[in-house]
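# Observations on the three-dimensional arrangement
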Amino acid sequence: MLRTIKPRNARSKRALEAREPKEVEDARTAIFVRGTHAGEVVQHAMKELMALKKPNAISFSKKNDVRPFEDASSLEFWAQKNDASIFVVGQSTKKRPNGLVMVRTFDARVLDMCEFGVDSFVSMAAFKTPKSTPGHKPMMHFASELFDSHPRYIQLKSLLLDMFNGEVVESVYLSGLEHVISVTVGPLLPNQTTTVGGAGLDDPKQLPKVHVRTYTVKLVSSGTRVPRVELTEMGPRLDLSLRRWQEADPEMWKAAMRRPKMKKQDVEKGLGKRKKNIEVDEMGDMRGRVHVGKQDLGKLQTRKMKGLKSRGGDSDSDVHGGEDDEEEDGPHRKRLRD
Amino acid sequence: MDVSDLLASHSANLPSTTVDKDTPLDVDIGFLTVTDPNPIDQESYTANLEEYLQSTARDGIQALLAALYALPIHPSQDGPLAQLPLPTTPLPRAKHLPVSKQPTKWERFAAAKGIQKVRRERKIWDEEKQAWVARWGRDGKNKEKEGQWIHQVKANAAVDDDPSQQAKTARKARVAKNERQRLQNLALAEEAQATREARTQRHADIDRTLASTRISTGSMGKFDKQLEGDKKMRGVKRKFDPAEASVEQEKQTSLALLSKLEGEAKRTRKDKGDDVLNVRKAIRTVSKGKGGVALGRETAQAGKSKGKRGKR
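Here the structure is a predicted model, which means the values were calculated and not measured.

This next bit is on the overall build of chain A. A count of helices and strands for chain A gives 8 helices and 13 strands. For chain A, long-range pairs separated by at least 24 residues make up 70% of all intrachain contacts whose partners lie at least 6 apart in sequence.

In structure tokens form, the structure reads like this:
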């Protein structure tokens, strides 16, 4: 554990405040960790993935003895020290050649992990095409029915989306949309079904491959308001196979998925749960309608006078009962006349 | 002149922007993400992988752009700016939600009275010096009176009257008061936090007690009258440890189990005696089940009678 630091001057105080939890979070910082034996392919792949993630990326290019699935304590330490919440660890062993492990953290503790094997990798330099500007927000494309149904691919989509596009932004320059990261899952084997725990989908070796491609976007006028899109491959090109994984602890996941309370503005925009009888008028004031039950005017206390007092012979309840009946009858009669 | 033919021929030349898919694409415009739930076309996938991937990506991005251009777009200096809605895909947070700070006594008062917070500038204008001086701190305006070499004194002032000392004490008192209030606010915030925690704990305790009373009847709650608004009882969901665990973890659990079995403190019967002789059992056998006290009495009586006999 890191010691808790008490800021001694305004600058360090600001720096610490920037690290405090926020309601709307900044983009996640990713640390690319080189393992003890990474190998050329994995090192290049990490370098180019980092190029896509910049400027929110840190490279740990020295050899690091980390095994995320066995002991993630170093990752947790780095997460706290660097204010980072995503790790990409590259490690190549005889048993698991060209391995990339993606680790996501919550409050500097490991949330979930997924290991890939890099089956093939083509560098950005191999494509003699225009590249995107570093730091621009990518558009993302996921193609497979498994992204909605299979836990491994749901996690994969969540991880990749969180890594490259997880920041919530209010607005975007249309001219700044330069590149696309496309993730496609290969076809299922003939005996496989898409349902969870379906035939053959539990064995990691039979899971279909994942193709990650990066394209630059070119817009061509189409005569309509929406231009036609043309894509040119930019690189890197990665073919990944899924290996080990670690699901998130349910309680930790629940804590990580907590949303802040909706603000008044958002409710006005109609976001969140729709509330009955609440509307926003033209002045921007929120107005609510409250329904009050029918009032019993018979029990209304008016001015007390001697003449209106109930006499001893009649009981109070009788008098009131009579009045109530009359009131209830009133509107009915009117309606009948109409 | 009829230009419809010309227009039709022109539009036929232009590339199309429509995307036809069996299942409509799922666009999350807040994250600029599109998900294509259509199954992979096996034939074109195997025939030409790269071309197939590029064409599906193009279709997806075309759908995404159509959604983007339908958003409110404002012109700006650096080109058109599209206003994005909030994303629909739920993603986990990187850090926990911020805990709201307990407002101080002044903040509560100001909120009740509708007093707006005004930022105090650090420097204020000094009319005499015709310069900006610090409000507090070194050569601060609040210490002006203390350093003054001449003071205006009332005619009936005491002999030992020291205006600069008075100003200093007053300033020190203000600082001390502020510090006291700060500590008070801290203590109040802590207290409020403790109360909140105690309340949640109490709620949990009450729930647990209620649950135990509901199953504490003869029929274990089965034939009891249901109260209106009573929720159905939920049992504890069983959780199992994973079948595969690291060696270290397995060792720890085994050792914990062993430590429960072993040890003098864990024994249920303390009076068992040593390992060779079970004293309790031995006494029972010798006294023929009458117990240790009866056995003692018997042996004592036997000794007495022997002595009497000898005297005769």
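Listed by partner, the interface residues are 48 residues for chain B and 59 residues for chain A. Those elements that provide at least two residues to the side of chain B that touches chain A are strand E2 (33–36), helix H2 (42–47), helix H3 (49–69) and strand E4 (81–83) of chain B. Among the elements that make up the side of chain B that touches chain A, the one with the highest residue count is H3(B) (13 residues). Within the side of chain B that touches chain A, the residues separate by chemical class into 29 nonpolar, 14 polar and 5 charged.

This next bit is on the sheet that holds strand E3 (residues 73–74) of chain B. Sheet architecture is open: 3 strands sit in the order E7(A)-E4(B)-E3(B), paired in antiparallel fashion. Pairing within the sheet leaves two strands with one partner each, and these edge strands are strand E7 (171–173) of chain A together with E3 of chain B.

What follows covers the pairing of strand E1 (residues 30–34) of chain A. The side chains of a regular strand alternate between the sheet's two faces. All names here are of chain A. Taken across its 5 residues, E1 has 5 buried, putting it largely inside the fold. Going residue by residue along E1, you find Ala 30, Phe 32 and Arg 34 tucked away on one face and Ile 31 and Val 33 tucked away on the opposite face as well. Of the strand pairs in this sheet, E1 and strand E2 (residues 57–60) are connected by 4 bridges, and their pairing is parallel. From the neighbouring strand, Ile 31 faces E2, where its bridge partner is Ile 58. Running through helix H2 (residues 40–53), the crossover from E1 to the neighbouring parallel element E2 is right-handed. Sheet topology note: the E1/strand E3 (residues 86–91) ladder contains 5 bridges and is parallel. Of the residues in E3, the one forming a bridge with Ala 30 is Ile 86.

Here the focus is unusual backbone geometry. Residues and elements named next belong to chain A. Residues Lys 54 and Pro 55 are joined by a peptide bond in cis, for which omega reads 5 degrees. In this fold, Pro 55 is placed in the loop between H2 and E2. The residue after Gly 235, namely Pro 236, is reached through a cis peptide bond having omega 0 degrees. Along the chain, Pro 236 falls in the loop between strand E10 (228–233) and strand E11 (237–246).

So, about the confidence of the model for chain A. Residue and element names in this part refer to chain A. Counting all residues, the mean pLDDT for chain A is 85, and 83% of those residues have values of 70 or more. The least confident element of chain A, judged by mean pLDDT, is helix H8 (residues 316–337) at 45; the most confident is E1 at 97. Contacts for the low-pLDDT stretch residues 315–338, under 50 throughout, to residues beyond four places or in other chains number 8 contacts.

Rules used throughout
- Position labels on residues start from 1 in each chain and follow its written sequence.
- Chain A is the first chain written and ligand 1 is the first ligand written, with later ones labelled in order.
- Local features in a predicted model are, by the rule used here, given only for residues with pLDDT of at least 70; side-chain atom pairs are given and counted only at 80 or more, and totals for whole chains, interfaces and linings are based on all residues.
- Under the DSSP-based scheme used, a helix requires at least four consecutive residues in state H or I and a strand at least two consecutive residues in state E, with every element numbered from the N terminus.
- C-beta atoms are placed from the backbone for every residue, and two residues are taken to be in contact when these atoms lie within 7 Å.
- For this scheme, ten residues count as nonpolar: Ala, Val, Leu, Ile, Met, Phe, Trp, Tyr, Cys and Pro. Four count as charged, namely Asp, Glu, Lys and Arg, and the remainder, Gly too, count as polar.
- Should DSSP find at least two bridges between two strands, the strands are taken to pair.
- Exposure criterion: with C-beta atoms placed from backbone coordinates, a residue whose C-beta has 20 or more other C-beta atoms within 10 Å is buried, one with 12 or fewer is exposed, and one in between is partly exposed.
- For a crossover, the right-handed case is the one in which the path from the first strand over the helix to the second runs clockwise, viewed with the strands pointing away from the viewer.
- Think of pLDDT as the predictor's per-residue confidence, scored from 0 to 100.

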